[in-house]
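# Descriptive analysis of the structure
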Amino acid sequence: MNWLTLWRVTAFAVAASALIALGCSDDPTQPKVAKPRYPEATTKDIVISNFLLSYKDRDIEQFEKLLHEDYMWFNQASSAPPEYYTRDEDIAITGNMFLAARHTHPESNLWLDRLDLTLYGAVWVEIVEFNSSPCEDCWETTRDYYFVLMTAGGATTYIANDLVRFVVVPVDLNGNKIYKIIRCDDMPKPL
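What counts as what
- Residues numbered from 1 in each chain as written.
- Predicted model: local features only at pLDDT ≥ 70, side-chain atom pairs only at ≥ 80, totals over all residues.
- Heavy atoms only, no water.
- Core = buried A, V, L, I, M, F, W, Y, C linked by side-chain atoms within 4.5 Å.
- Buried < 20%, exposed > 50% of the residue type's maximum accessible area, 1.4 Å probe, protein only.
- Helix = DSSP H or I, 4+ residues; strand = E, 2+ residues; numbered from the N terminus.
- Contact = heavy atoms within 4.5 Å.
- Disulfide = S-S within 2.5 Å.
- Phe/Tyr/Trp six-rings, centres within 6.5 Å; stacked < 30°, edge-to-face > 60°.
- Lys NZ or Arg CZ within 6 Å of the ring centre and 35° of its normal.
- 1 Å grid on protein atoms, 1.4 Å probe; cavity = no way out; pocket = protein on both sides within 12 Å on 5 of 7 lines; lining within 4 Å.
- Points joined across faces, edges and corners; volume = space filled by probe spheres on them.
- Nonpolar A, V, L, I, M, F, W, Y, C, P; charged D, E, K, R; others polar.
- Polar contact = N/O pair within 3.5 Å; in protein donor to acceptor, adjacent residues only side chain to side chain.
- Pairing = 2+ DSSP bridges.

The next thing to look at is the nonpolar core. With 33 residues, the main nonpolar core has Phe51, Phe147 and Ile181 as its most contacted residues. Put simply, the parts of the chain that give this core at least two residues each are helix 2 (44–57), helix 3 (60–65), strand 1 (67–74), helix 4 (87–101), strand 3 (112–120), strand 5 (133–151), strand 6 (156–173) and strand 7 (176–187). If we ignore the near neighbours within four places in the chain, the residues touching Ile181 are Val47, Phe51, Leu66, Leu67, His68, Tyr71, Phe166, Val167 and Val168. If you look at the next biggest cluster of nonpolar residues, it comprises seven residues, including Ile127, Phe130, Cys135 and Val169.

Put into structure tokens, the structure is as follows:
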């Protein structure tokens, strides 16, 4: 009888171990796939998330991928000239800020102690035309932003706390629809 009990306990222990080992193991036919840091901008929200992430990472290549070839940045009407920046001009300006924030800008006196961008709000409105032309699946969102740029331990600090309007449009990329930013408008907050 002891022999039978010992055999049952051993058999139970082996069976339980096998179930635990096999039941808890990862399925080798479905390996875990890591999410990319910058997912393809297949939704308008991903465009904004990647935009913010490119600022956080100071990654000009990722920033550049988000901008439509006809992209324009429009300054506030009360701002000093220029009225707007083209895609190439905005990429150059942003790229210099990113280099300064990483302390890799060739002019060390331009290095930044702080470069932060925060966006608030997430309401999208579909627009049916852009620049007086029909626009299918085009969207805009106006968001509060808070932008801080600080040099030399705070000796020079620029803080902007206004509104920015993003307009995104669909673009075909190898047969897949992605969204790109075609226009940004820097706007004052209403008084």
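So that's the structure; there's more coming.
Our focus in this paragraph is the state of the cysteines. Scanning all chains against the criterion turns up one disulfide. What pairs with Cys135 in a disulfide is Cys138, and their sulfur atoms sit 1.7 Å apart. Handedness of the Cys135-Cys138 disulfide follows from its S-S torsion of about -70 degrees: it is left-handed. You'll find Cys135 and Cys138 in the same group, each marked buried.

Geometrically, a pair of aromatic rings is defined through the distance of the ring centres and the angle of the planes. For the structure shown, the criterion picks out eight aromatic pairs. Centre to centre, the rings of Phe51 and Phe63 are 5.7 Å apart; their planes meet at 40 degrees, and the pair counts as tilted. Within this pair, whereas Phe51 is found in helix 2, its partner Phe63 is found in helix 3, the two being separated by 12 residues in sequence. In this structure Phe51 comes out as buried when scored by relative accessible area, which is 6%. Site record: aromatic cluster; members linked through ring pairs are Phe51, Tyr55, Phe63, Phe98 and Phe166. We note Lys44 situated over the ring of Trp139; from NZ or CZ to the ring centre the distance is 4.2 Å. Residue placement shows Arg183 over the ring face of Phe74; its charged tip is 3.9 Å from the ring centre.

Reported here for the largest pocket is a volume of approximately 660 Å³. Around the largest pocket, the lining is made up of 28 residues, and of these Trp73, Met97, Phe147, Tyr158 and Asp186 lie nearest the centre. Secondary-structure elements contributing two or more residues to the lining of the largest pocket are helix 2, strand 1, helix 4, strand 3, strand 5, strand 6 and strand 7. With five residues, the single largest contributor to the lining of the largest pocket is strand 6. Here the second largest pocket defines a volume of roughly 180 Å³. Surrounding the second largest pocket, Tyr38, Pro39, Glu40, Ala41, Asn50, Gln62, Lys65, Leu66, Leu173, Ile178, Tyr179 and Lys180 form its lining. Contributions of two or more residues to the lining of the second largest pocket are made by helix 3 and strand 7. With three residues, the top contributor of residues to the lining of the second largest pocket is strand 7. When the residues that make up the lining of the second largest pocket are grouped by side-chain class, the tally is seven nonpolar, two polar and three charged.

This part takes up the side chain of Arg183. As for its placement among the helices and strands, Arg183 is situated in strand 7. A distance of 2.9 Å separates a polar atom in the side chain of Arg183 from a polar atom in the side chain of Asp185. Contacts of Arg183, omitting those with residues within four sequence positions, involve Tyr71, Met72, Phe74, Phe130, Asn131, Arg165, Phe166 and Val167.

Below, the discussion takes up the pairing of strand 7. Within strand 7, nine of the 12 residues are buried, which leaves the element mostly enclosed by the surrounding structure. When strand 1 meets strand 7, the two strands line up parallel, connected through four bridges. Bridge pairing in strand 7 places Trp73 opposite Cys184. Looking at chain direction, strand 6 and strand 7 are connected through 11 bridges and run antiparallel. Within the sheet, the bridge partner assigned to Leu163 lies in strand 7 and is Met187.

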